[in-house]
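Residues per chain, in single letters:
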Amino acid sequence: MSFSFFLDIFLIGGSLTMAWLCLFSHDLLKAITCFVCMGLFVTLMWIRLDAWDVAIAEAAIGAGLTGALLLSSRRGLKKTAAKKESGEKRSGEKKSGEQDV
Amino acid sequence: MMLSQLTPEIMYSASGIALFGIGLLGLIIVPHIFRKILAINVMGVGIFMLLVSSAKRANIDADPVPHAMVLTGIVVAVAGTALALFLVKKINDLAPSEKSQ
Amino acid sequence: MDNIAALLPALIMLPLAVSVCCVLIKNSRVCAAISIISAAALLILSAGTLLAINTYEAGVLRYAFAGWSQPLGIELQVSGFTALMTALTCLLVFVLSIYSSVYFSSSDKAIRFWPLWWLLIAGLNALFLSSDIFNIYVAFELIGLAAVALIAIENSRAALIAALRYLLVSLLGSLCYLLAVALLYREYGTLDLVQLASMTSDSASSTAALMLITIGLCLKTALFPLHFWLPAAHGGASAPVSAVLSALVVKGSFYLIARFWLDILAPAASDAGLIILGVFGAAAILWGSAQALFASRLKVMVAYSTVAQIGYLFLLFPLMVGNTQTNAFEGAAMGAITYLIVAHATAKSAMFLAAGNIMRIAGHDNIKQLKGLVRHCPLSIFTFGIAGASLIGLPPSAGFIAKWLLLSNSINTGQWWWVIVILSGGLLAAAYVFKFLNLAFTKDDDTFTKADIVRKISPIMPLCALALALLTVVLGFNAQWLLDISGTLVYETTGQGFTVQNLAGVAQ
Amino acid sequence: MFKEIIFKEDAINKPEKGRLPTSIAVLCGVTILALCTLLVGALISTQRHSEGLQQVVSSMLNKSGVENPVTAVLLNFRSYDTLLEIAVLLIVAIVMLPQATVSKSLSLIRVQQSADPGLIMSSLLRFLAPTLIIMGGYMLWTGAYSPGGAFQAGALIAGAGILIFTNVQYQVNMQSFAFRALLSIGLCIFILSGFAVALQTGQFLEYPQKYASAIILFIETAATVSIATTLLLLYLAVAGTQEEFNHDA
């Protein structure tokens, strides 16, 4: 049982945990963070497997850019939701208790 | 199974399939669109892991063809993710005031 | 022959180049003009390929991209069947481009439509011609994303949701396929289809790959339990897009399922699997036809009819039982399926165009409120009737020949139970086609008494639809030619004096 | 499975909503676990018949014009895949281009001198963005010899673009001809070079061996520009940051 074996186990365990949290944790922000973390674990695994090109691309595009896209998209959705909500309040059309569908 | 059979190649391949499985499970049982998009990305990463790990053999250089395939796959995945997020944004912009389907 | 082979990349690069032009030009009239000219060029090119294949001894053309042959590079491969599919694609694209140039003439959607349209065509040609499993994955993504984008140009909330759902399904299907590619490459170390076909065994990994390919591609083809996304997507898109989705896009993934089961991974295929695929196909025929009968919107009805017609295609698999170890990608059942694909593609695109015309004229496609429509668009209703006759399988149409071949194959292989399914599917198709026609011919009722809700459309639109419908009739009269081209030998296997010649005689 | 898609942002905090019943979820989990176990079993039990393509690639590497085998595969041996992939990016770019045709401005970039981006942002702009662009250029150049290439370079430059265009000082005009030209130049150059070398060598995309490295670098540069622009457009469109400029005008 060498050091590299434990490193492999750590990386695999870390990436699987992050994948699980990213799909099944309750908070969406936490989920996106976990997704990016999974990308970093996977990058390290690919460096272990001598795939430098792929590792750089995963870090930049797979984890970095996709994470940024998800974060900004989530922010945009919150903004539209807030805008709509405030618009409703102003026009007094908000019907309480039935917007949850 | 013998522990001696547990080469890094098998371990990483198995973790790739595990990532695919976790992603598939999330895609089926979690209803929120963001999680479905994340799940598809996790599944993709699992497949890329399988490709990269099968490219690495003991004693010879890594096979560059799967690496090139993974690079292509990463770019296609980010294109699909961005398209999905853009559609979500437009659906939300067009939504009646209940903000959900 | 080399001259023709050297032109093969043009079938993919020309659409891509046109698409780049359309992105840059951003003037819908100019784009439409360029598109029609290029579609004509593409049609000539594909027809030339088809004729060359037909007269060529070896029957298969190969072209190595960048001068690197397999396994290092990517090769294109054209057989009779794929040449026929490419020619069909280019023919439909020509007619549909003319139709679209009118359909989108007064709409700012055209700026987006044309480049996406040509990227979709490039993807289809790339898919049919490719001989490389990873290249097929990229072609699938090209087709999938372009199709989603084309549905999304409708810009209504319902269409966008349908597009999003289609995108998720399409990505899931591609990922299943990609996992299979990873397994195959891991085991055999090659990506070329022909090389793979010569190496495959029935190992556990190959069987798993075949399962994954089947699930992934059945999602894309919308085989019965996995068809849930199709009605909204095909029913919600604009008319030319629906036409190309139903006529060609689902056929692309079907072609690959057939290719993998019967040719490339045939050693890993089992008879039980073939029969199960057939059972799902039979279920699709009955379920899709029944849903079409109860559909309340015209385009949704046509879309459900596609679900049913896909079911017929899957009857190929049980008819191939016991035949898989030989070169099974040819043969009687394959001939029937080739015919069915061509017949359905022309009839269904004609039907979607007719439905699009009706929607333009009436402003909606709610079946119950279309009484007496025939006075306002006789040509479109006529087109709908001819295309419907082909879907039902009435004599002077290509659909009749396809069903006849399928029936005779079922009887010849001793699987008479499929006959019941085919015939009841035909009856149900008759029911939904006549239900609509009956309504359209119903007199009076004041739905359309006043002309104010009826809009005028350019005569080119119904003429395009009619041209496609007439094509099904022409194909019905030229059965032998088509079967020769697709490289299928019908009369040898039937062995009871039943030939296509006297079948065509019946048709006449 | 896809019938009930929830779009609402905060619905995720109420786990019971829209979720499948626990029994079905557990059933799915068990099925997927079993399938994955079978797959892993298949992987372990299957003999690998071939060494893969590593030998073939390395024996042909000296004819490819580059020294990095992955770049050789992407831009020479399997360049057709890369070409189609750039077409995939173009699809997404076309969808996200703003539709409104109001803006008559032809300039690609608009600078608002009056806007103050703030201290942190301006120092980021001043130091990080040029660094990213230079690193991108280095990635592109070094891709021929060591890990790197058009995709990595494109992602880095897109990162710099995101930094520049998400603040108020600089805005990009997505409706200008120049922007559409930047989006499509990668595919355009790829097809044109493929055709041009075919006149010389007879096969589409087959580079004359003498000029292979130069042609690869040329195609890669064009591809990098398109990839960077597309990724920037994806971010801006999904984030919706530049809508004021590109829609209202």
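Okay, so let's go over this structure. Only a predicted model underlies this, so the values are computations on that prediction, with no experimental measurement involved.

Parameters and conventions
Residues numbered from 1 in each chain as written. Chains lettered and ligands numbered in written order. Predicted model: local features only at pLDDT ≥ 70, side-chain atom pairs only at ≥ 80, totals over all residues. Heavy atoms only, no water. Helix = DSSP H or I, 4+ residues; strand = E, 2+ residues; numbered from the N terminus. Buried < 20%, exposed > 50% of the residue type's maximum accessible area, 1.4 Å probe, protein only. Areas by Shrake-Rupley, 256 points an atom, 1.4 Å probe, with all protein chains shown as cover. Contact = heavy atoms within 4.5 Å. Buried area = accessible area lost by both parts, 1.4 Å probe. Salt bridge = Lys/Arg side-chain N within 4 Å of Asp/Glu carboxyl O. Polar contact = N/O pair within 3.5 Å; in protein donor to acceptor, adjacent residues only side chain to side chain. Nonpolar A, V, L, I, M, F, W, Y, C, P; charged D, E, K, R; others polar. Core = buried A, V, L, I, M, F, W, Y, C linked by side-chain atoms within 4.5 Å.

## Concerning the overall build of chain C
Moving on, step 1. Looking only at helices and strands, one finds 22 helices and two strands in chain C.
Moving on, step 2. Split into buried and exposed, the 508 residues of chain C put 67% on the buried side.
Moving on, step 3. In the structure as shown, chain C presents an accessible area of about 15200 Å², 65% of it carried by carbon and sulfur atoms.

## Overview of the interface of chain D and chain C
Moving on, step 1. Listed as interface residues are 53 residues of chain D and, on the opposing side, 60 residues of chain C.
Moving on, step 2. Each partner contributes to the roughly 5100 Å² buried at the junction of chain D and chain C, and carbon and sulfur atoms together form 72% of this total.
Moving on, step 3. On inspection of chain D and its partner chain C, the count reaches one salt bridge.
Moving on, step 4. Asp132 of chain C is paired through a salt bridge with Arg78 of chain D; the nearest N and O atoms lie 2.8 Å apart.
Moving on, step 5. For the pair chain D and chain C, the number of links is 13 residue pairs in polar contact (both at pLDDT 80 or more).
Moving on, step 6. Ranked by the residues each element gives to the side of chain D that touches chain C, the list is headed by helix H4 (residues 79-96) of chain D, at 13 residues.
Moving on, step 7. Tallied by class, the residues present in the side of chain D that touches chain C amount to 31 nonpolar, 14 polar and eight charged.

## A closer look at the nonpolar core
Moving on, step 1. In this structure, Trp46 of chain A together with Phe260 of chain C are the most contacted members of the largest nonpolar core, which totals 353 residues.
Moving on, step 2. Among the elements that take part in this core, helix H7 (residues 157-188) of chain C stands out by supplying 22 residues, more than any other.
Moving on, step 3. Every residue in contact with Trp46 of chain A, bar those within four places of it in the chain, is listed here: Ala51, Val54, Ala55 and Glu58 of chain A together with Val45, Phe48, Met49, Val52, Val70 and Ile74 of chain B.
Moving on, step 4. Grouped together as the second largest cluster of nonpolar side chains are eight residues, Ala129, Leu132, Ala153 and Leu163 of chain D included.

## Some remarks on the interface of chain B and chain D
How big an interface is tends to be stated in terms of accessible area lost as the parts join.
Moving on, step 1. Opposite the 47 residues of chain B that make contact, chain D presents 49 residues.
Moving on, step 2. When chain B packs against chain D, the two sides together hide about 4400 Å² of surface, and 75% of this comes from carbon and sulfur.
Moving on, step 3. At the boundary of chain B and chain D, one finds one salt bridge.
Moving on, step 4. Note that Glu9 of chain B and Arg48 of chain D form a salt bridge whose closest N and O atoms lie 3.3 Å from each other.
Moving on, step 5. Our enumeration of links across chain B and chain D arrives at three residue pairs in polar contact (both at pLDDT 80 or more).

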